[in-house]
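# Reading the structure
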Amino acid sequence: MDVDTRLLRYFLAVAEEGTLTRAAERLFVSQPTLTKQIRQLETLLGARLFTRSRAGMALTEPGRALAARLPALLTAWDQVLRETRRAAGRAARSLRVGFMASAANEATPRIITEFARRRPGWRVEMRQAGWSDPSAGLADGDVDVALLRVPFPGQDALRTAVLFSEPRWVALPEDHPLAVRDVLPFRDLWDEPFVAAPPETGRWRDHWLAAGERDGRPVRIGAVTDQPDDWLSAIANGYGIALAPASAARFYARPGVTYRPVSGVSSSRVGVAWAVADDTDPVVQDFVHACLESARPPQTEAGTGTAG
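Notes on the structure follow. Not measured: the values here are computed from a predicted model. (Residues numbered from 1 in each chain as written. Predicted model: local features only at pLDDT ≥ 70, side-chain atom pairs only at ≥ 80, totals over all residues. Heavy atoms only, no water.)

Right, let's talk about helix H7 (residues 228-236) for a bit. If you check which residues of H7 are buried, you get Pro228, Trp231, Leu232, Ala234 and Ile235. For H7, the angular spread of the buried residues around the axis is 160 degrees, confining them to a single face. On the buried face of H7, the contacting elements are strand S4 (123-129), strand S7 (168-173), strand S9 (193-196), strand S10 (220-224), strand S11 (242-245) and strand S12 (257-263). Gly238 occupies a position one or two residues after H7 and carries a positive phi of about 85 degrees. (Buried < 20%, exposed > 50% of the residue type's maximum accessible area, 1.4 Å probe, protein only. Helix = DSSP H or I, 4+ residues; strand = E, 2+ residues; numbered from the N terminus. Arc of directions from axis to C-beta. Contact = heavy atoms within 4.5 Å.)

Shown next as structure tokens:
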């Protein structure tokens, strides 16, 4: 009998969190999806793993037996996968770099050039991730290193180094009444519907809604999207507005959408992230040092304002 390791990870999250709600948030999946996966695992194993009540999810005897052995098993399997993928990359002299949206902005080509100087004959394979994966594949070991926006879910389990900060602006439909103003106080946007990332992305989504900077005012959600093109379409079609890095005005310009500076909201930070196990990996560390040496705040290049 073959069991998908994803089902085992879902089971372990529920066992550790004690509720489907918290486990779903941790895994960045919907609660109905998680419930379905747990039932599928129980069917495959022929055993009931949890008893369900209003208080949460309690492990049965078979569930406790599985939960006791599973962490070590999954850790060992993750290490096997990581070492296999690393060996494949080293054989091909290729470094897999995950990224979100515009990666490190205009600094990205400089980073790759500096890495190539440090590692002649190597190439960088850039892999773009959707917003439903704020670690850009790093948490799952699909990439060796990532360029992304912090904070992101699971960040505490990885190494991160902030490269630069840039202001957050707002993306609006070009015919929006507020689009005629040069600078918009964030307070004036509180009652507007926002285009948001999927709810399973947790605090990453909250950061881009500035949920903690509204004096307790609830966020209105006008649309949910997972890719930049869908995000832009939702804004252009009038379903909502969205906070965005100032650099989005350069990288994601399109008819029907305009960008304006926002006051009274914190900045966005771009970082490089890698696995703790790769602290001593010379190739990964060469890329990290290439990032630290090559990344410059965007205002030094395009005059987008003072980074915080």
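From this point, the narrative continues.
Here the focus is the side chain of Thr258. Considering the arrangement of structural elements, one finds Thr258 in strand S12. At a separation of 2.9 Å, a polar atom in the side chain of Thr258 contacts the side chain of Arg260. When sequence neighbours within four positions are dropped, the list of residues in contact with Thr258 reads Val170, Ala171, Leu172, Pro173, Glu174 and Ala179. (Polar contact = N/O pair within 3.5 Å; in protein donor to acceptor, adjacent residues only side chain to side chain.)

Our next topic: the side chain of Gln155. Here Gln155 is to be found in the loop between strand S5 (145-150) and strand S6 (158-166). The contact partners of Gln155, leaving out residues within four places of it in the chain, are Val150, Thr160 and Arg203.

This part covers helix H2 (residues 20-27). Those residues of H2 that sit buried are Leu20, Ala23 and Ala24. Looking straight down H2, one finds that the buried residues subtend no more than 100 degrees of arc, so they occupy a single side. Along its buried surface, H2 packs onto helix H1 (5-17), helix H3 (31-45) and strand S2 (56-59). After H2 finishes, the residue Phe28 shows a positive phi value of roughly 65 degrees.

What follows deals with the pattern of salt bridges. Applying the stated criterion to the full structure yields 18 salt bridges. A salt bridge links Arg127 to Glu125, with the nearest nitrogen and oxygen atoms 2.9 Å apart. You can call Arg127 partly exposed: its relative accessible area is 34%. Look at Glu125 and you get partly exposed, because its relative accessible area is 24%. Where Glu213 meets Arg168, a salt bridge forms, and the shortest distance between an N and an O atom there is 2.9 Å. Here Glu213 is found in the loop between helix H6 (203-209) and S10, whereas its partner Arg168 is found in strand S7, with 45 residues between them in sequence. Here Glu213 falls in the partly exposed class, since its relative accessible area comes to 28%. Each of Glu114, Arg117, Arg118, Arg119, Asp286 and Glu293 takes part in one network of salt bridges that share partners. (Salt bridge = Lys/Arg side-chain N within 4 Å of Asp/Glu carboxyl O.)

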